[in-house]
Amino acid sequence: MVVGALNLTLYIGGMKSLKDKRSVVKSLLTKVRSKLNVSAAETGRQDEWNRCELGFCCVTNEASHAESILQSVINFIDSDGRVEIINSYSETIHI
């Protein structure tokens, strides 16, 4: 079994309140979960208006498949014009 984990730090421009930010984050997480079938959550920077930290996870039987899924998450989020990826870290764990 292989677990793929991805941590992204995003910049969200034009936010005037935490409510605005949470709306964008919630929308983004919902879309990623439904389109790419991964676990996803906001994992940090919840009190900052223009930055967020998101975590994603997948379970599969091959490391290359896990890396492909996580790269798809990065590509999907990068194509969203509301956010900009400023940092990413991914890891595959063999169990």
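Being a predicted model, the structure only gives us computed values, none of them experimental.

Engineer: So what about the environment of Glu 42? Which residues, and what values?
Structural biologist: Looking at the element boundaries, Glu 42 is found in strand β2 (residues 39-44). Under the relative-accessibility criterion, Glu 42 is labelled partly exposed at 21%. Note: C-alpha distance between Glu 42 and Lys 31 (11 residues apart in sequence) is 14 Å. Within the structure, the side chain of Glu 42 is placed 3.3 Å from the side chain of Lys 21, a separation counted as a polar contact.

Engineer: Just give me the short version of the nonpolar core, but keep the residues and values in it.
Structural biologist: Leu 10, Leu 54, Phe 56 and Ile 77 are the most contacted members of the largest nonpolar core, which has 24 residues in total. Residue assignment for this core shows that the elements contributing at least two residues are β1 (2-12), α1 (18-36), β3 (51-60) and α2 (63-78). Counting residues per element, this core draws most heavily on α2, at 6 residues. Ignoring anything within four residues of it in the chain, the contact list for Leu 10 reads Leu 28, Asn 50, Arg 51, Cys 52, Leu 54, Ile 77, Val 83, Glu 84, Ile 85 and Ile 86.

Procedures and definitions
Numbers given to residues run from 1 along each chain, matching the order in which its sequence is written. Where totals are concerned, whole chains, interfaces and linings use all residues; where local detail is concerned, this predicted model gives features only for residues with pLDDT of at least 70, and gives and counts side-chain atom pairs only at 80 or more. Side-chain descriptors were evaluated using all non-hydrogen atoms of the structure, hydrogens and water having been removed beforehand. What counts as a helix is a DSSP run of H or I of at least four residues, what counts as a strand is a run of E of at least two, and both are numbered from the N terminus. Burial classification: accessible surface area is computed with a 1.4 Å probe over protein chains only, and a residue below 20% of its type maximum counts as buried, one above 50% as exposed, and the rest as partly exposed. Any N or O atom pair separated by 3.5 Å or less is treated as a polar contact, with the protein-specific requirement of one donor-capable and one acceptor-capable atom, and with residues adjacent in sequence counted only for side-chain atom pairs. Nonpolar cores were defined as sets of buried Ala, Val, Leu, Ile, Met, Phe, Trp, Tyr and Cys residues, with membership established by side-chain atoms within 4.5 Å. Here a residue-residue contact requires only that any non-hydrogen atoms of the pair lie within 4.5 Å.

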